[in-house]
Amino acid sequence: MFGNYLIGLREGLEASLVVCILIAYLVKTGRRDALLPIWIGIAVAVALALGFGCALTFGSQELTFEAQEALGGSLSIVAVGLVTWMVFWMRRTARHLKAELGAKLDAALQMGTAALVATAFLAVGREGLETALFVWASVRASSDGSHQPLIGVILGLVTAVALGWLFYKGTVRINLAKFFTWTGAMLVVVAAGVLAYGVHDLQEAEFIGGLRDKAFDISATIPPDSWYGTLLKGVFNFQPDPTVLQVVVWLLYLVPTLAFFFSPGRSSSPKAAEPAKATVQERG
C-alpha cells in the first residue's frame, strides 16, 4: 500500500504544482479572466486520465488470460519507461518549470481562449496519462485481490492535492528539490518491481520463456500471505519465488538507474533548491 501511496503522492504533487503555477501566474499578472479556460483544460485532462485508466482496467477484462498477461506485461514495461523518463525530467527541469509554463501562458493569452484551454490540457494531461498508466501497472503488480493498492493511490493523490493547495496559499514550505530527489529514487525502486512483474506477465503469456527457471524460492521463509510478505509486496512488489530473468532484469534496471540518478553531475546543489521552494508561492 505504501508503494502505491508514494506513486499517488509523487505523481499527484507534480500535477498539483503545474496547476498551482498556472493559477498563480494568472493571478499575479492580473488575468483572472483567463482562469475559467485554464480550469476547463485541467478538467478535460483529468477526465481523459480517468477514462484512460478505466479503459485499461475494464477493457483488459474481456481478453483471454494469455492476452491479459501479454497486455499487462507490455504496458508495465512502457509505464516503467515513461515514469523513469519523467523522474529524470522533473529532476532536471523542476527549477525552470515556472518560467517555461509562464512563457507558454503568455503566448496562449495572446492567442485566445482555445489556446489557454489547450495549454492547461497539455500541461496537466501528460502528467495525467503517465500517472494513470503507471498506477494501473503498479496496482496490477501489487494487487492481492484487495482494494488496498487502489486505496493507497487515492490517499496519495488526496495528500498531493492538499499539499498543492497549501503550497499555493503559502502555508507550507518544503525543499522541493530534495523532495523530488528522494521520492524519485524511491519511485525508481517501485518501478523496478513493476518491471520485474511485467516480465513475469510476459513469461506467463508464453511471449518469452524461462517461467519455470526460478532464481530462488523463499516462500516458506516469507509467506506471501504473511503481514511482512504483504508489506514487502506492497512497497517493493517483492516476489518470494522470482524467475531468473526477473531478477536479472530487476538488477539491470535498478542498479544503473539509481547510480545515474545520484551521480555527482546530476545532484541538486543548494542554490538550485531555492527557486524550487518559491515556485508556487509567488502570488499577487
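Residues numbered from 1 in each chain as written. Predicted model: local features only at pLDDT ≥ 70, side-chain atom pairs only at ≥ 80, totals over all residues. Heavy atoms only, no water.

## Quick look at the overall build of the chain
- Looking only at helices and strands, the chain has 10 helices and 0 strands in total.
- If you list the helices and strands of the chain from N to C, you get α-α-α-α-α-α-α-α-α-α.
- The buried share of the chain, taken over its 284 residues, is 47%.
- Of the contacts formed within the chain by residues at least 6 apart in sequence, a portion of 83% connects residues at least 24 apart.
- Put simply, the chain shows about 13,800 Å² of open surface, and 69% of that area lies on carbon and sulfur atoms. (Helix = DSSP H or I, 4+ residues; strand = E, 2+ residues; numbered from the N terminus. Buried < 20%, exposed > 50% of the residue type's maximum accessible area, 1.4 Å probe, protein only. Contact = heavy atoms within 4.5 Å. Areas by Shrake-Rupley, 256 points an atom, 1.4 Å probe, with all protein chains shown as cover.)

## Describing helix α2 (residues 35–59)
- Between its first and last C-alpha atoms α2 spans 35 Å; for 25 residues at 1.5 Å apiece the expected length is 36 Å, and the two agree.
- Inspection of α2 places Leu35, Pro37, Ile38, Gly41, Ile42, Ala45, Ala49, Gly53 and Leu56 among the buried residues, and these make up the whole buried set. (Expected span 1.5 Å × (residues − 1).)

## Description of the packing of aromatic side chains
- Tallied over the full model, the rule gives 4 aromatic pairs.
- Relative to Phe262, the ring of Trp182 has its centre 5.4 Å away and its plane inclined at 45°; by these criteria the two rings are tilted. Here Phe262 lies in the loop between α9 (244–261) and α10 (270–278) and Trp182 lies in helix α7 (residues 176–204), a separation of 80 residues in the sequence.
- Note on Trp182: relative accessible area 53%, which makes it exposed.
- Three or more aromatic residues joined by ring pairs form one cluster here, namely Phe88, Trp182, Phe260, Phe261 and Phe262. (Phe/Tyr/Trp six-rings, centres within 6.5 Å; stacked < 30°, edge-to-face > 60°.)

## Here we look at the confidence of the model for the chain
- The pLDDT averaged across the chain works out to 78; a share of 83% of its residues lies at or above 70.
- Here residues 267–284 is modelled with pLDDT under 50, and outside its nearest four sequence neighbours on either side it reaches 34 contacts, counting other chains as well. (pLDDT = per-residue confidence, 0-100.)

## Notes on the nonpolar core
- Grouped together as the largest cluster of nonpolar side chains are 30 residues, with contacts concentrated most on Val80, Phe134, Leu187 and Tyr253.
- Ranked by the residues each element gives to this core, the list is headed by α7, at 9 residues.
- The residues contacting Leu187, other than those within four sequence positions of it, are Leu6, Ile7, Arg10, Glu11, Val83, Met86, Val87 and Phe134.
- Core analysis: the next-biggest nonpolar cluster, separate from the first, contains 25 residues, Cys20, Leu26, Ile42 and Leu109 among them. (Core = buried A, V, L, I, M, F, W, Y, C linked by side-chain atoms within 4.5 Å.)

## A few points about the side chain of Gln239
- As for its placement among the helices and strands, Gln239 is situated in the loop between α8 (227–236) and α9.
- Sequence-distant contacts of Gln239, that is, excluding residues within four places in its chain, are made with His200, Phe216 and Gln246.

## Re a nonpolar patch on the surface
- On the surface, a nonpolar cluster with roughly 330 Å² of combined accessible area is contributed by Val244, Leu245, Val248 and Leu252.
- In this structure Val244 comes out as partly exposed when scored by relative accessible area, which is 39%. (Patch = residues over 30% accessible without salt bridge, like charges linked within 9 Å, V, L, I, M, F, W, Y side chains within 5 Å. Salt bridge = Lys/Arg side-chain N within 4 Å of Asp/Glu carboxyl O.)

## Focus on the environment of Gly41
- Residue placement: Gly41 occurs in helix α2.
- With a relative accessible area of 0%, Gly41 lands in the buried category.
- Setting aside anything within four residues of it in sequence, one finds Gly41 in contact with Val117, Ala120 and Phe121.

## Quick notes on the environment of Thr84
- Tracing the sequence through the fold places Thr84 in helix α3 (residues 65–93).
- Note on Thr84: relative accessible area 15%, which makes it buried.
- Note: C-alpha distance between Thr84 and Ala191 (107 residues apart in sequence) is 7.8 Å.
- Not counting the four nearest positions on each side in its chain, Thr84 is found in contact with Tyr253 and Thr257.

## Brief notes about the side chain of His200
- Looking at the secondary structure, you find His200 in helix α7.
- Residue classification places His200 among the buried residues on the basis of a relative accessible area of 10%.
- Excluding anything up to four places from it in sequence, His200 contacts Leu211, Gln239, Thr243 and Gln246.

## As for the environment of Phe207
- In this structure, Phe207 sits in the loop between α7 and α8.
- A relative accessible area of 64% places Phe207 in the exposed class.
- Spatially, the C-alpha atom of Phe207 lies 10.0 Å from that of Ala67, the residues being 140 residues apart in sequence.

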